[in-house]
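Geometric and topological summary
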Amino acid sequence: MNCIFVIVGVGGTGSLLARDIPKLIIQTSHCMAVIDGDRVEEKNMVRQSYQKHDISENKASALSKKINTFYGNICEAIDKYVTKDEIITFLQKYKYHVPVLVGCVDNDKTRHLLEETYHKLDQCIYLDSANSEYDGNVYVKAKLNNNEIGVLRSECYKLSDDLHPSDRSCEEQAAIGNTQYFVTNLRMATVLLEHISAIVHGEVKEGVTIVKRFEEIHY
C-alpha cells in the first residue's frame, strides 16, 4: 500500500513530526505534504522546526523546502488553511496512494473539516492529535478495502464550535501558541511517528493513544 501522508498544521507538533517522516519513507513509493496558512515568527523557533531565516515565510513552504533539500523531492506544500475541500482537490493527483491525514491542529473547527474530508474519501487513514501543556491523545480511524476500524474524536465526545485559525486575531493566535511546551509537542510527534511507522509497514493501530509526559497508553 503506497501512502500520501498529509500533515495538517505544522506548528509545535506537526513541524516536529514532518521533519522526521522522510526518514521512514525515503527510497519508498510513499510521499508527503504539509498544510498550514500560518507564517513563521521568531517565537516559533523555541518549540518548532524553524530557524531565523524562515521568519515571515509561510510555515508549510519553509518546512517543505527543508525536507526536499535534505531528502529529495518528496514533500509538497499547501500554504493556506483548510477551509473546505482543499485536501480533496489536492489528492486527485494521488489516486494510486492511500491518503493518511494527520491532524496536528489546535481547534475543533478544523477537526470538523478533516472529519468531513475523511468521510468523503473512499479510502483513508486519519490520525487526529491534540494536546495541552502536559498531556495529549491521538484518535485513529481508517477505512481500507471496504473495512472500517477505529474511532473519530467526534464519535467519543462533541467537538466544540470554536474559531477557525483564519478567524482569530493575532493576539488570540499568540495566546494559544504560548500554552504548549516543547517536550509535550515532541512527545506527541514521537507517538504519531510510531503510528506512521506502523502504517509504512502495513499495520494500522486503530483506537486511541493516551499520551502523558512520561507515559503512553494505547487501547
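Note that the structure is a prediction, hence the values are computed from the model and not measured.

**Some details on the environment of N73**
Take N73: it is sitting in the loop between α2 (59-71) and β3 (75-78). Owing to a relative accessible area of 73%, N73 belongs among the exposed residues under this scheme. Sequence-wise, N73 and C31 are 42 residues apart; in three dimensions their C-alpha atoms are separated by 9.0 Å.

**Let's talk about the packing of helix α1 (residues 12-25) against helix α6 (residues 182-200)**
Contact geometry of α1 with α6 gives a least axis separation of 8 Å together with a crossing angle of 35 degrees. Of the two possible hands of crossing, α1 and α6 adopt the one that is right-handed. From α1, G12, T13, L16, L17, R19, D20, I21, L24 and I25 reach across to α6, where they touch F182, N185, L186, M188, A189, L192, L193, I196, S197 and V200. In terms of residue class, the contact of α1 with α6 is built from 13 nonpolar, 4 polar and 2 charged.

**Observations regarding unusual backbone geometry**
Phi is positive for N145, close to 50 degrees, though the residue is something other than glycine. What makes N145 exposed here is its relative accessible area of 65%. The phi dihedral of N146 is positive, around 65 degrees, even though this residue is not glycine. Mapped onto the elements of the fold, N146 is located in the loop between β6 (135-144) and β7 (147-150).

How each quantity is defined
Residues numbered from 1 in each chain as written. Predicted model: local features only at pLDDT ≥ 70, side-chain atom pairs only at ≥ 80, totals over all residues. Heavy atoms only, no water. Helix = DSSP H or I, 4+ residues; strand = E, 2+ residues; numbered from the N terminus. Buried < 20%, exposed > 50% of the residue type's maximum accessible area, 1.4 Å probe, protein only. Axes fitted to C-alpha atoms, helices over the stretch in contact; angles between N-to-C directions. Left-handed = near helix turned anticlockwise from the far one by under 90°. Contact = heavy atoms within 4.5 Å. Nonpolar A, V, L, I, M, F, W, Y, C, P; charged D, E, K, R; others polar.

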